[in-house]
Amino acid sequence: MSEKANTGRTTGNNLDPWYHHYAQRTAGLSASEVRALFAVASRPEVVSLAGGMPFVSALPQDLVTDSLNRVMRDLGPTALQYGSGQGVPALREQILEVMALEGIQGSADDVIVTTGSQHALELVTKLFIDPGDVVLAEGPSYVTAMVVFNSFQAEVDHVPMDEWGLIPEALREHIASLKAAGKTIKFLYTIPNFHNPAGVTLSWERRLEILEIAKQNDILVLEDNPYGLLYFDGPPPQALRSVESDGVVYLGTFSKTLAPGFRVGWALAPHAIREKLILANEAAILCPSSFSQLVISEYLKNADWKGQINTFRGVYRERKETMLSALSEHLPELSWTNPTGGFYVWLTLPAHLDSKAMLPRAVTELVAYTPGTAFYADGGGRQNIRLSFCYPTPESIRVGVRRLATVINGELDL
Ligand code: PMP
């Protein structure tokens, strides 16, 4: 069996007749722990604190239906046709208004509309990563970004974070030791606001310091910001892209502020990169969905979208508060992050418990979570759990946390 045949498998299952044929880069394409969980967690009796699904039912359907009807009435043939590989010009202008809320000024020329920001992650990775290149990322980091990095055979190097986000001093040290080892670092992937999964937000001072470090070391910053507008009290510090335009690719999405079913996200690229990004977009999908883009454009033009985002904030704030008070009640001896926005709480277990090993027991107790190991490329995270409060109702959250406490306390008694 050749080395290629060994490394190019996707599932480890050699009953697959194509097992020996897959490209080597597919070795990293194993079903993520999150994905494998969805099947189990979707049973109605299980309270799932695992997935990151937005609570789309908080979006009044008639707002969307009105936009959809207007698009079909006024722009039907355009909506049903191929469009620009860069995205609908009117929507790109409106995206500038959305980003202005986070302090970003840019040109619609540098906005590329993608099929969700997940797709933008793939395009940027495709543009920059050769096998063996290093991507710096927070430890922990967003699981499906790491699936993309792996699929281009990048090495992910996790830089530690604390309650104020990525630690600049650690970033300096990691860059120095990677360089000393002769590695090529291509970009820093960061989620500065209401981090997925850690739930923390990067402080303003650290944003400036990290941009400085990236500049000194000629490292591109990939700023992934799906949750920034979903704050609970006040807005987070302004975007990294608001300070630095040449060294930052900013990724945004309508998935959390509107609905993921549209599959519309975007990249705001440095001018030098935009052309290649558009070509990569065209190569992958010809053009983003005209239909989805026009419906969103119409929605942004006619609906009170800022008011709607405010409604989402209220829904998620209540769910977060419910989760934290349930944790205080049932697991007072543990520690967890207190997110000021977004969807996630990061829980730390007593040192000898293993979140991955404990999961089957949790599912037996009818509660699901995502083990911390899903968010590390290097096997870390055994002592952590990501809890999502975005989708379950407050009542389910209370039940879910109570069940989780039964599992954890049961493990401690063993
Ligand atoms: N980045 C992060 C950090 C996310 O949490 C998600 C969705 N869970 C995405 C990107 C992808 O979002 P979408 O493709 O729906 O825009």
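Treat the numbers as computed from the prediction; the structure is a model and nothing was measured.

1. Describing the overall build of the protein
Working step 1: Of regular secondary structure, the protein possesses 13 helices and 14 strands.
Working step 2: The C-alpha atoms of the protein give 21 Å as radius of gyration, which agrees with the globular expectation for 414 residues (22 Å, within 12%).
Working step 3: In terms of principal-axis extent, the alpha carbons of the protein reach across some 65 × 55 × 50 Å.
Working step 4: Buried positions account for 46% of the 414 residues belonging to the protein.
Working step 5: Of the contacts made within the protein by residues no fewer than 6 positions apart, 75% connect residues no fewer than 24 positions apart.

2. Section: the UniProt feature "domain: Aminotransferase class I/classII large" (unreviewed entry) in the protein
Working step 1: Here the UniProt-annotated "domain: Aminotransferase class I/classII large" (unreviewed entry) positions come out as residues 74-404.
Working step 2: With 43% helix and 17% strand, the stretch residues 74-404 has end C-alpha atoms that lie 52 Å from each other.

3. Description of the sheet that holds strand β11 (residues 344-348)
Working step 1: Spatial ordering of the open sheet is given by β10-β11-β14-β13, a layout of four strands whose pairing is antiparallel. If you trace the sheet from one side to the other, it starts and ends with β10 (335-336) and β13 (370-371), each paired once.

4. As for the nonpolar core
Considering soluble globular proteins, one finds that nonpolar side chains tend to be buried as a cluster.
Working step 1: A267, I296, Y369 and L387 are the most contacted members of the largest nonpolar core, which has 104 residues in total.
Working step 2: The element that contributes the greatest number of residues to this core is helix α6 (residues 143-151), accounting for six residues.
Working step 3: With near-sequence residues (within four places) excluded, Y369 lies in contact with L49, A50, A362, I385, R386, L387 and L404.

5. Notes on helix α4 (residues 89-100)
Each turn of an α-helix holds 3.6 residues, which means side chains three or four residues apart point in the same direction.
Working step 1: With 12 residues, α4 ought to run about 16 Å at 1.5 Å a step, and its terminal C-alpha atoms sit 17 Å apart, in line with that.
Working step 2: If you check which residues of α4 are buried, you get L91, R92, Q94, I95 and M99. Seen along its axis, α4 keeps its buried residues to an arc of 160°; they face one direction. Residues of α4 that are exposed and point more than 90 degrees away from the buried face comprise E97 and A100.
Working step 3: Buried positions along α4 lie against β2 (111-114), β8 (248-253), β9 (265-268) and α10 (290-302).

6. Overview of the environment of A351
Working step 1: Here A351 lies in the loop between β11 and α12 (355-364).
Working step 2: Judged by C-beta crowding, with 7 C-beta atoms within 10 Å, A351 ranks as exposed.
Working step 3: Between the C-alpha atoms of A351 and Y231, which are 120 residues apart in sequence, the distance is 31 Å.

7. Some thoughts on the site of the ligand
Working step 1: Residues in contact with the ligand amount to 13 residues; listed here are only the nearest, G116, S117, Q118, T253 and S255.
Working step 2: Ranked by residues supplied to the shell around the ligand, first place goes to helix α5 (residues 116-128) with three residues.
Working step 3: For the shell around the ligand, the residue count by class is four nonpolar, eight polar and one charged.

About the criteria used
Along every chain, residues carry numbers that run from 1 in the direction the sequence is written. Since the coordinates come from a predicted model, pLDDT governs what is reported: local features require at least 70, and pairs of side-chain atoms require 80 or more to be given and counted, while whole-chain, interface and lining totals use all residues. Only runs of H or I of at least four residues qualify as helices and only runs of E of at least two qualify as strands under DSSP, and these elements are numbered from the N terminus. Restricting the calculation to C-alpha atoms gives the radius of gyration, and the globule rule supplies 2.2 Å times the number of residues raised to the power 0.38. Counting other C-beta atoms within 10 Å of a residue's own tells you its class, since 20 or more makes it buried, 12 or fewer makes it exposed, and anything in between is partly exposed; those C-beta atoms are placed from the backbone. Any residue pair is listed as a contact if its two C-beta atoms, each placed from the backbone, are within 7 Å. UniProt positions are given in the numbering used here, feature names are shortened, and annotations may be inferred rather than shown by experiment. Two strands make a pair as long as DSSP finds a minimum of two bridges between them. A set of buried residues drawn from Ala, Val, Leu, Ile, Met, Phe, Trp, Tyr and Cys, joined through C-beta atoms within 7 Å, is what defines a nonpolar core. The span you would expect from a helix comes to 1.5 Å times its residue count less one. Note that the arc is computed from the directions linking the helix axis to the C-beta atoms. To decide whether a residue is near a molecule or strand, its C-beta atom is placed from the backbone and checked for lying within 6 Å of it. Residue classes follow a fixed rule: Ala, Val, Leu, Ile, Met, Phe, Trp, Tyr, Cys and Pro count as nonpolar, while Asp, Glu, Lys and Arg count as charged, and any other residue, Gly among them, counts as polar.

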